[in-house]
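# Fold and contact review
Now for the letters of each chain:
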There are 2 protein chains.
Amino acid sequence: MDPLKWISREYHEINGSTFDVLETVPSPLEFARIAQISRPVLIRGFQPPAAKVWTNSYLIERLGSSAISVAVTPNGCADAVTRFDGKFYFAEPHVEQMTMASFLSNLSPDKEVAKGRTETYYLQSQNGNLYSSRFFDGLDDPSEFKALRDDVPSEVFWCSEALGRPPDAVNLWMGDSGSVSSVHSDPYENMYTVIRGAKHFTLLPPAEGWCLKERMYPHAMYTRSLGSQTLELRPSSSDIPKVRWSSITEPHLPGALAPDAHPIYITVKMGDTLYLPAGWWHHVRQSGITIALNWWYDMEMRGMNWVILSFLRTIQDVPDGNELDEV
Amino acid sequence: MDPLKWISREYHEINGSTFDVLETVPSPLEFARIAQISRPVLIRGFQPPAAKVWTNSYLIERLGSSAISVAVTPNGCADAVTRFDGKFYFAEPHVEQMTMASFLSNLSPDKEVAKGRTETYYLQSQNGNLYSSRFFDGLDDPSEFKALRDDVPSEVFWCSEALGRPPDAVNLWMGDSGSVSSVHSDPYENMYTVIRGAKHFTLLPPAEGWCLKERMYPHAMYTRSLGSQTLELRPSSSDIPKVRWSSITEPHLPGALAPDAHPIYITVKMGDTLYLPAGWWHHVRQSGITIALNWWYDMEMRGMNWVILSFLRTIQDVPDGNELDEV
C-alpha cells in the first residue's frame, strides 16, 4: 500500500472538492469549528477600512517618498522554477526600492499590457510588511507600510479569538495580471482579503501535495546587470542549498495534474476573504490591479496536525530537478 | 521508513506525555481549542445534579422494580481477550436483567471482596442507557435509566457548543474494583465524569496504537449453563467474524508495552471529568464502588482526523491471535 495514494484517496472520498461560502463573518466559535476541519472557506463581509479608502492617490500621498521593496522579474514569476541556459533553477526575484508612485506607474489593469512588459513588478515582501512578529511581541517593528496601519487592523478578531493567539505577520500584496505565485504551501493559517481586483486560487489539500512532483533545484536570483541594467538570472554559489519546489508550474491548466489530484478553484474578489488552512497548496493568478491583505497565524503544532504535514512531506521521494528527462 | 514508528516518534517529540488539568470548566471557545489538539484534559468543577443526590437508597428508590441490564463475567473482564481450552477468544459478557437493589448488593467497596467473587457485575450497557441517539433525534427512546434523567443533563454545554452538535449517547456506568475495561479506542469524543469512587485510566495516543499489538480473535460469549447455573465461555459459531483486539491485556503494568509507547496515567476522581479524545486508546481500572457518566459526541469526520485514524489502523499487520507462539 502506498501511504500517499491511500491517504489522498481517503481524504477525497470523505471531503470531496467543494468549499463553503459564508455570507457574513463567522463568530469566533464558528471559526474554531472551521479551523478544526482545515478546509478552505470563502468569507464575505469582512471590510477593513482599507477597502474604502485605498485609492492610488491615497496610497501615494500616505507613503510619499518613503522606499518600499518591490520584487522585479522579467516574467512575473518570482520564487518559481525557471529554465536558464538549459537548466532548471529556483529563481528568486530582484528586489528594488522605489516609491509607491513609481511602483503604481508600473502596474496596469490591462492584461495585455501587464503581460507584455519586459519587467514585472510585484509588491510581495511578505515579511510582515504591515505588522511583523516584532509588533506582536511588543518590539520596535521596521515594517515598510506603517503609514497604512490606520486602515488595517492588526488582527482578524474572530480568528485570533478562535485560535487563542494574535497573528504572526500581516502583509500587503499589490500587483497586476503580469504576476503569478507558483504553487507552494505555508505552515500558517492564512486569512487572505482582497481589497481591489481579483485573485484566482488553485488549491490542493496537503494530502495531494505528492501530485505536485516536488524536485530539488539549484538556487538563482535575478540581478540587474551593471552595464545594460537588464535583469539577468544569476545562479547562486553551490554553497546555497538546493530548494525543494513543485515541478508543475501551471497546475491550473487542464491536464497539468494527475487524476489523483482534485484541485479546488476559488476566485477571491474585492471584499472577499479566503481562509486558506495551514499546509494547503496554492497557486495564485490575478486579474487587474490587485491589492490584498493577509494575516498569517501560527498553525497549531500540538496534536497530530504538524506531525501529519511533516509525514506527507517526508515520505515523498524528491529527485533532483535536473536529473530527469523532463520536469 | 516505517510509517507507524515515524509518526509515533514525531508525535511524542512534539506532544510529550503530559496532560493539562483545568480547575474550572472551559468556555465553549476554550474547549474548541482543546478539541482541536485532541489530547486528554482533566477538568474539575463539572457537577451534574447526580453528584449530590445519587446515594444507593436514592438509586434503588428511583429505579424500583424496573429491570436493568448488567454484564456478568467470572473474572471482571467483559469484552476482553480470554483464554479458554488452550485457545484465545474475544469474550463478551453474559448480560442479565436485575433490579438496582439486586445489582448493588453484588458490588463491594472492598477490593479483596470485589476481586474474590465468583461472578463480577458491571453496569456497562453503553448503548445510550441514559439518553440514546433516538432521544437526540426526537424519537421515542427505550433507555433503561430514564428515571434518573432529572439528575443528568442530556448535554455538556461547553462541549456541544464547541463541537456544534449534541451528543450521540449518554451512559451510566457502575461497578467496583472487580471490573476492568480492556484497552480499546472509540471513534467518539468522550466526556467522562466520575460521580463516586475513582477510575484509573491508562491512555495511549492513536499514533501509538500499533504498540498494542492487535490480533484477530474468534468470538465467544459467557452464558449461564442451564444445569449448574455457572457461567461458561461459549465459542460463537464460525460465521461470526473474528474480532480485532489488543493482545496486551494489562498495559498498565511495567514492561507490558514496548519502549515506543508512552502511556499517560490519569486517575479520575469523584467530581473530575476526563476529556478523552476520539481514537485515544484507554484501559480502565476502578477503586471502590464507582459510578460514572459519559457523553459521547460524534467525532469530526471531515478534514484529516478520520483519514489518519483509519490510516493508522489500516497499515498495521494484524495476525491471527491463535497462530503465534504467544499473544
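Whatever comes next refers back to the structure up there.
From a predicted model like this one, the values you see are computed outputs, not experimental measurements. (Residues numbered from 1 in each chain as written. Chains lettered and ligands numbered in written order. Predicted model: local features only at pLDDT ≥ 70, side-chain atom pairs only at ≥ 80, totals over all residues. Heavy atoms only, no water.)

## Topic: the pairing of strand β9 (residues 169-175) of chain A
Residues and elements named next belong to chain A. Applied cut-off: Exposure is judged per residue with a 1.4 Å probe applied to protein chains only, and the accessible area is read against the type maximum: over 50% gives exposed, under 20% gives buried, and values in between give partly exposed. Helix numbering and strand numbering both begin at the N terminus, where a helix is a DSSP run of H or I of at least 4 residues and a strand a DSSP run of E of at least 2. Pairing between two strands requires that DSSP report at least two bridges joining them.
A large share of β9 lies buried, amounting to seven of its seven residues. Of the two faces of β9, the one carrying A169, N171, W173 and G175 and the one carrying V170, L172 and M174 are both buried. In terms of strand pairing, β9 meets strand β18 (residues 281-298) through seven bridges, oriented antiparallel. Across the sheet, M174 pairs through a bridge with I291, a residue of β18.

## Observations regarding the relation of the copies chain A and chain B
Note the following rule: Least squares is the method for superposing the copies, and the C-alpha atoms it fits come from residues with pLDDT of at least 70 in both. Residue contacts are defined here by distance: any two heavy atoms, one from each residue, within 4.5 Å place the two residues in contact.
Superposition of chain A onto chain B requires a rotation of 180° combined with a translation of 0.0 Å along the rotation axis, giving an RMSD of 0.0 Å. Both copies are brought into coincidence by an operation consistent with a two-fold rotation axis. Of the interface residues in chain A, 100% have counterparts in chain B that sit at the interface too, so the contact is made through matching surfaces.

## Focus on the sheet that holds strand β14 (residues 231-235) of chain B
All names here are of chain B. Here is the rule: Interaxial angles span 0 to 180 degrees and are taken between N-to-C directions of axes, which are lines fitted to C-alpha atoms, for helices over the stretch in contact.
The mixed open sheet is built from four strands, whose spatial order is β5-β6-β13-β14. With one partner strand each, in any of the chains shown, β5 (80-84) and β14 form the two edges of the open sheet. Geometrically, the sheet is characterised by an average inter-axis angle of 45° between neighbouring strands, direction not taken into account. As paired strands, strand β13 (residues 219-224) and β14 are joined by five bridges and run antiparallel to one another.

## Let's talk about the side chain of H283 of chain A
Residues and elements named next belong to chain A. Tracing the backbone through its elements, the reader meets H283 in strand β18. By relative accessible area, which is 0% here, H283 ends up buried. In contact with H283, not counting residues within four places along its chain, are V180, S181, S182, V183, H200, F201, T202, T249, P251 and H252.

## A few points about the packing of aromatic side chains
Residues and elements named next belong to chain A. Stated formally: Here a Phe, Tyr or Trp ring, Trp counted by its six-membered ring, pairs with any other such ring whose centre lies within 6.5 Å, and the pair is stacked when the planes are under 30 degrees apart, edge-to-face when over 60, and tilted otherwise.
Within the structure shown, the criterion is met by 29 aromatic pairs over all chains. Relative to W173, the ring of Y122 has its centre 6.5 Å away and its plane inclined at 45°; by these criteria the two rings are tilted. Linking Y122 in strand β8 (residues 120-122) with W173 in strand β9, this pair joins segments that are 51 residues apart in sequence. The same class applies to Y122 and to W173, which are both buried. Three or more aromatic residues joined by ring pairs make a cluster, and in this case those are Y122, W173, Y188, Y192, F201 and W296.

## Regarding the pattern of salt bridges
Basically, it comes down to this: Every case where a carboxyl oxygen of Asp or Glu lies within 4 Å of a side-chain nitrogen of Lys or Arg is listed as a salt bridge.
According to the stated counting rule, one finds 20 salt bridges over all chains in the structure shown. The salt bridge involving D320 of chain B is made with K242 of chain B; its shortest N-O contact spans 2.6 Å. With a gap of 78 residues between them, D320 of chain B in the segment after α9 (305-314) and K242 of chain B in the loop between β14 and β15 (243-246) connect regions that are remote in the sequence. Sharing partners across several salt bridges, the network here consists of E23, R44 and D272 of chain A.

## Comments concerning the nonpolar core
Filter applied, for reference: What makes a nonpolar core is a set of buried Ala, Val, Leu, Ile, Met, Phe, Trp, Tyr and Cys residues whose side-chain atoms join them at distances within 4.5 Å.
Counting 97 residues, the largest nonpolar core has W54 of chain A together with W54 of chain B as the members making the most contacts within it. Beyond its immediate sequence surroundings of up to four residues, W54 of chain A is in contact with L59, L148, D151, V152, L172, I195, R196, I291 and L293 of chain A. Judged by nonpolar contacts, the second largest core, of 72 residues, contains I266, W281, A292 and W296 of chain B.

## Describing unusual backbone geometry
Residue and element names in this part refer to chain B. The phi torsion at D85 lies on the positive side, around 55°, for a residue other than glycine. Along the chain, D85 falls in the loop between β5 and β6 (87-92). For Q229, which is not glycine, the phi dihedral falls at a positive 65°. With respect to the helices, strands and loops of the structure, Q229 is situated in the loop between β13 and β14.

## Quick notes on the sheet that holds strand β3 (residues 68-73) of chain A
Residue and element names in this part refer to chain A. Taken together, the three strands give an open sheet; going across it, the order is β7-β3-β8, and neighbouring strands pair in antiparallel fashion. Edge positions in the sheet fall to β7 (94-98) and β8, since each of these pairs with one other strand and no more. Going across the sheet, the axis of each strand differs from the next one's by a mean of 40°, ignoring polarity.

## Here's the deal with the pairing of strand β2 (residues 41-44) of chain B
Looking along a regular strand, one sees side chains alternate from face to face of the sheet. Residues and elements named next belong to chain B. Note the following rule: Viewed with both strands pointing away, a crossover whose connecting path from the first strand over the helix to the second turns clockwise is right-handed.
Pairing between strand β1 (residues 20-22) and β2: three bridges, direction parallel. Looking at β2, one finds that V21 is bridged to L42. Remark: the β1/helix α2 (residues 28-37)/β2 crossover connection has right-handed handedness. Inspection of the sheet shows β2 paired to strand β17 (residues 272-276) by four bridges, in the antiparallel sense. Residue pairing across strands places I43 opposite T273, the latter belonging to β17.

## A few points about the interface of chain A and chain B
For the record, the criterion: Once two parts are joined, some of their accessible surface, as seen by a 1.4 Å probe, is lost; buried area is that loss totalled over both.
With 34 residues of chain A at the contact, the number on the chain B side is 34 residues. Between chain A and chain B, roughly 3,000 Å² of surface is buried when both sides are summed, and carbon and sulfur atoms account for 73% of that area. Linking chain A with chain B are zero salt bridges. Counting residues per element, the ones that place at least two in the side of chain A that touches chain B are α1 (3-15), α2 (28-37), α8 (157-163) and α9 (305-314) of chain A. Sort the elements by how many residues they give to the side of chain A that touches chain B and α9 of chain A lands first, with eight residues.

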